[in-house]
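# Results of the structural survey
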Amino acid sequence: MLTIHVHAVHVVFRLDDPTISADSITMRVLRMFSEKDLPLTIAMIPCDSNELPFAITDSVYLNMLQSSNVEIALHGFNHADINSGGEFGAVDSLETDRRIRIGKTVLESKLGKEIVTFIPPYN
């Protein structure tokens, strides 16, 4: 008797670096995953270089980000490369904590979703 063991393969699709503002590539990826009802993790940057939250001006984009197949992950604060140490490599733990807390709060308030995943910028 031949026994075959089948192991599940888990694949995570991650889209990095979109801001809260819509762009054509992000919209195409979101539509593709939405049409197939495939899970997608989007590593989002919540603020600009002046530490101001990005505004959501496109209601279609907002609805797509809020869909159940999309997980929003915090991808840093503003993706700054501070002194060539990435966003967090050149700052102390208090500044790191501040950036993560504010970024999480911004994304949660803009998107109405709990943010549970953190993906550091610059890996």
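This section reports on the structure supplied with the text. In this text, all values refer to a predicted model and were calculated from it rather than measured experimentally. (Residues numbered from 1 in each chain as written. Predicted model: local features only at pLDDT ≥ 70, side-chain atom pairs only at ≥ 80, totals over all residues. Heavy atoms only, no water.)

Now for the overall build of the protein chain. Per the secondary structure count, the protein chain includes three helices and three strands. Ordered by position in the sequence, the α and β elements of the protein chain form the string β-α-β-α-β-α. Oriented by its inertia axes, the alpha-carbon framework of the protein chain measures out at about 65 × 35 × 25 Å. Every one of the 123 residues in the protein chain was classed for burial, and the buried ones make up 37%. Contacts spanning at least 24 positions in sequence make up 77% of the contacts within the protein chain whose residues lie at least 6 apart. Within the protein chain, one finds 10 positive and 16 negative side-chain charges whose respective centroids are separated by 4 Å. (Helix = DSSP H or I, 4+ residues; strand = E, 2+ residues; numbered from the N terminus. Buried < 20%, exposed > 50% of the residue type's maximum accessible area, 1.4 Å probe, protein only. Contact = heavy atoms within 4.5 Å. Lys, Arg positive; Asp, Glu negative; His and termini not counted. Charge placed at Lys NZ, Arg CZ, Asp CG, Glu CD.)

Under the criterion given, the structure shown has two aromatic pairs. Where phenylalanine 13 meets phenylalanine 33, the ring centres are 5.1 Å apart and the plane angle is 65°; that geometry is what we call edge-to-face. Here phenylalanine 13, found in the segment before strand E1 (14-19), pairs with phenylalanine 33, found in helix H1 (residues 24-36); they are 20 residues apart in sequence, far enough to count as distant. Relative accessible area serves as the criterion here: at 40%, phenylalanine 13 is assigned to the partly exposed category. A centroid spacing of 5.8 Å and a plane angle of 70° characterise the contact between phenylalanine 88 and phenylalanine 118, whose relative ring orientation is edge-to-face. Note that phenylalanine 88 is positioned in the loop between strand E3 (70-74) and helix H3 (93-111) and phenylalanine 118 in the segment after H3, a separation of 30 residues in sequence. When its relative accessible area of 17% is taken as the criterion, phenylalanine 88 is described as buried. Owing to a relative accessible area of 33%, phenylalanine 118 belongs among the partly exposed residues under this scheme. Positioned over the ring face of phenylalanine 77 is arginine 98, at 5.7 Å from the centre of the ring. (Phe/Tyr/Trp six-rings, centres within 6.5 Å; stacked < 30°, edge-to-face > 60°. Lys NZ or Arg CZ within 6 Å of the ring centre and 35° of its normal.)

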